[in-house]
Amino acid sequence: MSHIPGEEGGLSEAAPEVNNQDLLDKPAQKTGNAPEDQVPHVVDEASPSSTSSFELLDMDSAPAPYREVQPHWFFCPRGDDNTTWLPFSRDDSDKLENALNTVGDKDGDEVVIAVDGERYDVHVRERKRYAVYWEQGPTEVRRCSWFYKGDKDTKFMPYPEDFCKCLEEAYMVAVTLNEWKTKLEFPSGETVILHNPKLIMQYQPIGLQDEWQSSPSEQTRPRTVKRGVCNINVEIPEGEPEKVDHLVFMVHGIGPACDLRFRSIIQCVNDFRSASLSLLGSHYKRAQQDGQVGRVEFLPVNWHTALHGDATGVDEDIQRITLPSISRLRHFTNDTLLDLFFYNSPTYCQTIVDTVASEINKLHTLFKQRHSGFNGAISVVGHSLGSLILFDLLTNQRNGSNARQGVLSGESFHMHHDTLQDTLTRLGLQQYLDTLQAENLDLESLALCQDCDLKDLGIPLGPRKKLLNYVRNKWLSEDSKNRAGRLPPGIQVQPESSSDQDGNQSSAASKRRAHFHRAQSVTSAVEYEYFDVGIGQVSINYPQLAFHPQTFFAFGSPIGMFLTVRGLKHIDPNYSFPTCKSFYNIYHPFDPVAYRIEPMIVTEVDLEPMLIPHHKGRKRMHLELKDSLTRMSMDLKNNVFGSLRTAWQSFSRIPVAALPPLDEANTTIENDLQESQASAAVSASAKREEQRADFWTKVLEWPRALHKHNLQGTCEEAESSESAEQREQPEIKVGMLNEGRRIDYVLQEKPIESFNEYLFAIQSHLCYWESEDTALLLLKEIYDKLGVAFEQPQQ
């Protein structure tokens with residue numbers, strides 16, 4: 001048997017089979033002069049230095065019967081790294097094992113099994129795993145039954161399948177004949193000693209050890225060998241429910257990395273999906289047991305690769321003008337920060353928008369093909385710049401059966417196929433057909449008209465804005481498509497000017513386009529009440545999505561800042577996205593990129609953002625302590641000022657009759673006075689002295705009684721006001737972007753983050769992918785609309 005342990009400590013997959021009959025006929029042989037290409041030798045005597053200290057079992061006891069090992073399937077998460085192996089879930093492993101047992105391992109048609117929530121396909125015969133929804137190289141898959149771990153390793157690694165087969169055959173012989181302390185020697189020098197069923201060791205050849213090791217004892221340090229996945233410490237996932245309740249597309253922000261560990265959008269979305277599955281098991285446990293809840297599928301949308309790919313050539317153009325100094329910082333700037341400037345460029349903004357829309361539509365189509373029974377809703381999530389892209393895209397969606405049918409069929413509207421009557425009918429403006437025809441206006445001439453021209457014809461403001469916006473957008477779209485020809489989507493070419501007979505260069509299309517862009521920039525930035533004009537980039541043709549999103553979640557979003565920079569000071573409370581009815585702006589309090597939305601809608605009231613609860617159902621301890629100290633200081637201040645104010649008012653009141661009555665416990669002097677007045681034995685002078693003493697007693701004791709009376713009334717009033725506030729809290733309506741509900745939601749900072757806001761600023765902008773509080777907010781919004789009860793786990 002041959003194997004080649006490489007730098008990773010793995011073994012080659014080439015290993016000859018062991019003849020079981022020969023081993024049964026000759027169970028024990030001395031290692032002699034057999035050739036190296038022979039079957040590994042089975043020796044009944046191990047080396048004296050190793051066997052004497054490894055006898056842990058009583059070999060006189062009756063041997064256990066042989067049972068075939070239960071294999072488990074593992075995979076490499078990355079194609080360029082075979083040092084990390086992760087187990088499939090039990091359900092996926094069983095599916096792969098059943099498929100292999102059904103078709104066998106011989107040559108034939110490839111068998112494809114969907115695993116990991118049908119996000120990957122495993123080619124069983126090829127032993128490869130392929131991603132379905134994103135670009136990723138194939139990774140290796142193994143059917144594992146034997147594992148090893150070195151002295152410095154942290155977890156067990158699986159052997160190649162051929163090596164596992166040889167070890168299993170030797171183990172079967174040893175168990176059947178009850179002959180242990182046997183040695184398996186392999187042609188390359190590897191040695192495996194089967195001391196007993198619980199103790200199996202592997203020794204590496206000295207010639208293949210690291211030549212920098214210091215002592216021979218380190219060179220001969222063995223590996224621990226385990227049989228079966230049940231005997232190693234590995235966490236096997238339970239698997240994902242087959243039923244998908246909701247689909248979420250997640251769009252990343254600037255740059256190829258999404259967190260401080262420089263992980264891609266695929267890895268971050270995988271973590272977010274895992275967190276959501278864990279939260280479903282803890283906060284919707286009863287609904288899962290009743291079969292009401294399946295799972296939420298999260299799919300990444302990558303647009304950075306298309307922008308910086310060979311199709312645009314922007315990286316080569318930027319590299320030619322980049323200075324050679326501080327190369328790493330300049331590379332980071334070109335690859336990450338410049339995405340903000342690219343989005344403000346009409347040319348590259350069109351590429352970004354087209355990539356995001358086409359990728360979402362492609363993933364949606366592919367998901368529907370693999371989940372034909374899916375009938376749930378769909379939401380979108382955008383992080384950082386990705387949220388701005390989705391905001392502009394959703395703002396410029398068309399809500400109508402004609403627009404939706406055009407998106408689904410892949411056919412676009414062509415203005416030269418429509419007449420003026422068809423256009424007015426589509427817009428519901430048939431009553432103005434005679435007015436326009438009286439002026440001999442067709443679609444081409446109507447596209448050249450300005451707002452004042454239609455106003456002179458007696459057309460009201462609303463209809464003329466609607467008509468001009470429709471005609472201009474369609475005319476620009478058709479003209480740009482005619483010029484683009486067969487160029488790839490998203491690649492624009494500057495219009496070429498044509499020369500007339502007099503030699504003057506002119507382009508009617510360019511003049512029309514410049515006029516239209518100026519008109520759009522004015523209406524987009526100022527006249528917000530006509531929001532259907534679009535507040536996105538001026539000269540961009542926004543594509544349409546193949547579905548209507550249910551909810552739009554923005555993580556760490558600069559939407560508010562970009563809208564303000566574009567000249568938008570106020571958002572109409574009656575506005576909502578044409579095809580999306582819910583919008584959440586989620587941010588960390590220390591995120592330097594995040595901005596609020598609600599102050600642009602409700603300008604007269606200063607609203608605090610909604611605090612996102614901790615996923616364990618409580619507020620963080622340091623925030624609770626901060627709130628408690630704040631309440632205590634306010635109560636103390638109110639009590640002190642109230643007492644001083646009342647005392648000042650009381651001293652200005654001279655008459656004793658105006659003094660409040662004392663408590664029963666403090667009125668003994670008054671009772672004594674009454675008794676003395678009732679007594680006929682006292683003299684008149686004594687009565688006057690007692691009355692004078694009673695007067696000064698009331699004066700001296702009155703402030704204390706007044707303070708007690710005032711404090712008790714204040715506490716009762718505070719308790720009554722708090723109870724009334726708890727009973728009746730009017731819901732604040734913040735526009736229609738989120739169906740009248742709150743929009744801005746803030747996360748709770750961690751205790752360590754509160755010590756220095758600046759130190760954790762960058763981390764705060766990248767924390768959303770690993771935030772369980774954010775994932776729980778998404779799940780609660782999704783399942784609240786499905787009518788599934790939320791369960792707070794017990795602490």
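Asker: Outline the overall build of the protein, supporting the account with residue identities and numerical values.
Answerer: Summing up its helical and strand segments, the protein has 26 helices and 22 strands in all. Per-residue burial for the protein yields a buried fraction of 42% across its 795 residues. Considering only residue pairs separated by 6 or more positions, the protein has 70% of its internal contacts joining residues 24 or more positions apart. Total accessible area on the protein is roughly 43,800 Å²; 52% of this is exposed by carbon and sulfur atoms.

Asker: How would you sum up the packing of helix 6 (residues 265-283) against helix 26 (residues 772-785)? Please name residues and give values.
Answerer: Between two packed helices, both the angle of their axes relative to each other and the distance between the axes serve to describe the pair. Contact geometry for helix 6 and helix 26: axes closest at 9 Å, N-to-C directions at 65 degrees. The interaxial crossing formed by helix 6 with helix 26 has right-handed handedness. In contact with Phe272, Ala275, Ser276, Leu279, Leu280 and His283 of helix 6, helix 26 contributes Glu772, Thr774, Ala775, Leu776, Leu778, Leu779 and Tyr783. Each residue belonging to the contact of helix 6 with helix 26 can be placed in one class, and the counts come to nine nonpolar, three polar and one charged.

Asker: Describe the sheet that holds strand 5 (residues 120-123), and please don't skip the residues or the numbers.
Answerer: Strand order in the open sheet formed by six strands is 3-2-7-6-5-4, with antiparallel pairing between adjacent strands. This sheet does not close on itself; its edge strands, each paired only once, are strand 3 (86-87) and strand 4 (112-115). Taken together, the two bridges between strand 2 (residues 72-75) and strand 3 define a ladder with antiparallel strand orientation. Its bridge partner lying in strand 3, phenylalanine 75 is registered against leucine 86.

Asker: Break down the pattern of salt bridges for me, with residues and values.
Answerer: Any two side chains of opposite charge can pair, so long as their charged atoms come close to each other. Enumeration according to the criterion identifies 30 salt bridges in this entry. A salt bridge links glutamate 297 to arginine 295; its shortest N-O distance comes to 2.9 Å. Accessibility assignment for this pair places glutamate 297 and arginine 295 in one class, buried. Members of the salt-bridge network, linked through shared partners, are Arg119, Glu240, Arg273, Arg295 and Glu297.

So, how was this worked out
- Residues numbered from 1 in each chain as written.
- Predicted model: local features only at pLDDT ≥ 70, side-chain atom pairs only at ≥ 80, totals over all residues.
- Heavy atoms only, no water.
- Helix = DSSP H or I, 4+ residues; strand = E, 2+ residues; numbered from the N terminus.
- Buried < 20%, exposed > 50% of the residue type's maximum accessible area, 1.4 Å probe, protein only.
- Contact = heavy atoms within 4.5 Å.
- Areas by Shrake-Rupley, 256 points an atom, 1.4 Å probe, with all protein chains shown as cover.
- Axes fitted to C-alpha atoms, helices over the stretch in contact; angles between N-to-C directions.
- Left-handed = near helix turned anticlockwise from the far one by under 90°.
- Nonpolar A, V, L, I, M, F, W, Y, C, P; charged D, E, K, R; others polar.
- Pairing = 2+ DSSP bridges.
- Salt bridge = Lys/Arg side-chain N within 4 Å of Asp/Glu carboxyl O.

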